[in-house]
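# Survey of secondary and tertiary structure
Chain by chain, the residues:
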Amino acid sequence: MEKLSYDIVIVGGGLLGCATAYQLAKRKAGDILLLDGNDIASQASSRAACLLTRARTKPGLMEIVQETYDCIEEIEAMTGEELGLQMCGSITTASSDASLKGLEELEAAATRFGIPNERIDHKRLKELLPWIEADAVGAASYMPTDAFIDSASLCQGYAHAASQLGVTLKPNCKVAGITAEGDRITGVRLQDGTEISSAVVVNAAGAWANLLMRPLHIGLPFTPVRSHFWITSTDAERFPVNHPFTVIPDARAFTRSDVGALIIGLRESQCQAFDPSTLTDKLEDFDFNQAAKWTVLDECAPLLKAYLKDIDTLPIAHYMSGPSCYVPDAKFVIGALPQYVGLYTVTGCCGGGVACGGGMGRLAAELITGEETFVDAALFDPMRFGEVDPFAPEFQKRCADARSNKKGG
Ligand SMILES: Cc1cc2nc3c(=O)[nH]c(=O)nc-3n(C[C@H](O)[C@H](O)[C@H](O)COP(=O)(O)OP(=O)(O)OC[C@H]3O[C@@H](n4cnc5c(N)ncnc54)[C@H](O)[C@@H]3O)c2cc1C
């Protein structure tokens, strides 16, 4: 007979749910079940630009990203699977006083944390980035140990490692609701009516997480905000395979190599939030406003033109959009929900779940098992805004603004 009782149930098999499952299993936290209404790694976690940017100025983040790099090494050793980390390095540019100040702060943070970084001149810049108009760049910092990784492979890596450590994975198994008695969590109810009992439930349902919290009268402080990028057609001479990814704050842009093509990420001045209640079960059925492909490109291209002069005529082969869960203070949402004993969440990725998933999962696992935490958990406390209504347009606007005001990659 099918097992209907676990110590911990995780809802969501994206990067955050799978990383949490792996970190809990590593700690021998008990009998763990991970459920996803779709395939593992099939939703936001298969749509990312996949940058693993190490240097950060916000507290706790460099430790969190380092944990992801450590997980990649551990999982490769444990499962024998190559996850395909591409150690391409990164270049952050500055062309205005404000971005130069930001660059200096980033370099100081990197140096403090032991992340190699060096200022490079125009000649070196052009060697590393043949496509860039070097004269438009005032200063450039090269961080050779930055990398990118296919986000779905990384997510599958966490899932396979978790499974190897005993976690039960059930894809295509949608949770209809989280169940409770009084102030205690009792488990989950599946769409077919099956009840699974568990004293601990971790809501890692990404953009859908607030739909599961709503019947419990809990609002998590984030909303899905559209993120997107464009991929040019191939020109391997101009866009060499695995050349450094860039962050160009003055153009609200990042770029990354994609097997001889260039991925271009652009951030519009007013980012677009979505009401979670409008989401479909699968992102492929959701219209992220495809018209944005051209309107956002039209808005942002003039800024990028100084660095990539033929952006107006460059052939665009693909456009990718998806939801990132933004929080008003652009920090994650990780920890216990005090309304119910046994209810936890790991959400609010703020566009950083690939780089930060390993560390976010570690913090969630440490909080669930009652260990001392490796970063200050108060920074990510789900209750730090008090009660919020994530279905209210004013709150959604605050979340969208967090992405509009973002500076890094
Ligand atoms: C265009 C784009 C570019 C990005 N670029 C980067 C980048 O360069 N670097 C970076 O670090 N991050 C990047 N990100 C962010 C990254 O993709 C996310 O942070 C990450 O995928 C979030 O993972 P998740 O597990 O929260 O969400 P998801 O992967 O969406 O997982 C949530 C899962 O929950 C499941 N689920 C929902 N409801 C239920 C239910 N009721 N029952 C069962 N299962 C349920 C869903 O099926 C889904 O699989 C980017 C995102 C986008 C969209």
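Notes on the structure in this doc start here.

Rules behind the numbers
Residues numbered from 1 in each chain as written. Predicted model: local features only at pLDDT ≥ 70, side-chain atom pairs only at ≥ 80, totals over all residues. Heavy atoms only, no water. Pairing = 2+ DSSP bridges. Helix = DSSP H or I, 4+ residues; strand = E, 2+ residues; numbered from the N terminus. Axes fitted to C-alpha atoms, helices over the stretch in contact; angles between N-to-C directions. Near = heavy atom within 4 Å. Polar contact = N/O pair within 3.5 Å; in protein donor to acceptor, adjacent residues only side chain to side chain. Areas by Shrake-Rupley, 256 points an atom, 1.4 Å probe, with all protein chains shown as cover. Nonpolar A, V, L, I, M, F, W, Y, C, P; charged D, E, K, R; others polar. Phe/Tyr/Trp six-rings, centres within 6.5 Å; stacked < 30°, edge-to-face > 60°. Buried < 20%, exposed > 50% of the residue type's maximum accessible area, 1.4 Å probe, protein only. Bend = angle between axes of the 7 residues up to and from the residue. Contact = heavy atoms within 4.5 Å.

Let's shift gears to the sheet that holds strand S11 (residues 195-197). Taken in spatial order, the three strands line up as S9-S10-S11 in an open sheet, and their pairing is antiparallel. A single partner strand is all that each edge strand has here, and the edge strands are strand S9 (175-181) and S11. If you compare each strand with its neighbour and ignore which way they point, the axes differ by 30° on average. When S9 meets strand S10 (residues 184-190), the two strands line up antiparallel, connected through six bridges. Paired with isoleucine 178 across the bridge in S10 is valine 188.

Near the ligand, the surroundings consist of 38 residues, among which Asp36, Ser45, Cys349, Gly353 and Ala355 are the closest. Valine 354 is positioned with one of its backbone polar atoms (N or O) 2.9 Å from an oxygen atom of the ligand. In this structure, an oxygen atom belonging to the ligand sits 2.8 Å away from a main-chain N or O atom of alanine 355. When isolated, the ligand has an accessible area of 1,000 Å², and the protein chains bury 95% of it. For the shell around the ligand, the residue count by class is 20 nonpolar, 15 polar and three charged.

All right, on to the packing of aromatic side chains then. For the structure on display, the rule yields six aromatic pairs. Ring plane angle 80° and centroid distance 5.2 Å describe the contact between phenylalanine 274 and phenylalanine 286, whose orientation is recorded as edge-to-face. Residue phenylalanine 274 is found in the loop between strand S16 (261-266) and helix H7 (292-304), and its partner phenylalanine 286 is found in the loop between S16 and H7; the two are separated by 12 residues along the sequence. Residue phenylalanine 274 is classed as buried on the basis of its relative accessible area of 9%. Geometrically, the ring pair formed by phenylalanine 332 and phenylalanine 380 is stacked, given 5.6 Å between the ring centres and 20° between the ring planes. Remark: phenylalanine 380 occurs in the loop between helix H8 (353-369) and helix H9 (393-404) and phenylalanine 332 occurs in the loop between strand S17 (316-326) and strand S18 (333-336); sequence separation between them is 48 residues.

A few words on H8. The largest bend in H8 comes to about 30°, at glycine 359. Of all 17 residues in H8, 14 are buried, a share of seventy percent or more.

Along the polypeptide, threonine 232 turns up in strand S13 (residues 223-232). There is a polar contact of 2.9 Å between the side chain of threonine 232 and the backbone nitrogen of leucine 262. The contacts of threonine 232, once residues within four sequence positions are left out, are Phe239, Ala261, Leu262, Ile264, Leu314, Pro315, Ile316 and Ala317.

Moving on to the environment of leucine 367. For leucine 367, the location among the structural elements is in helix H8. Residue leucine 367 is classed as partly exposed on the basis of its relative accessible area of 27%. Note: C-alpha distance between leucine 367 and alanine 306 (61 residues apart in sequence) is 47 Å. Apart from residues no more than four positions distant in its own chain, leucine 367 is found in contact with Ile334, Gly335, Tyr344, Thr373 and Ala377.

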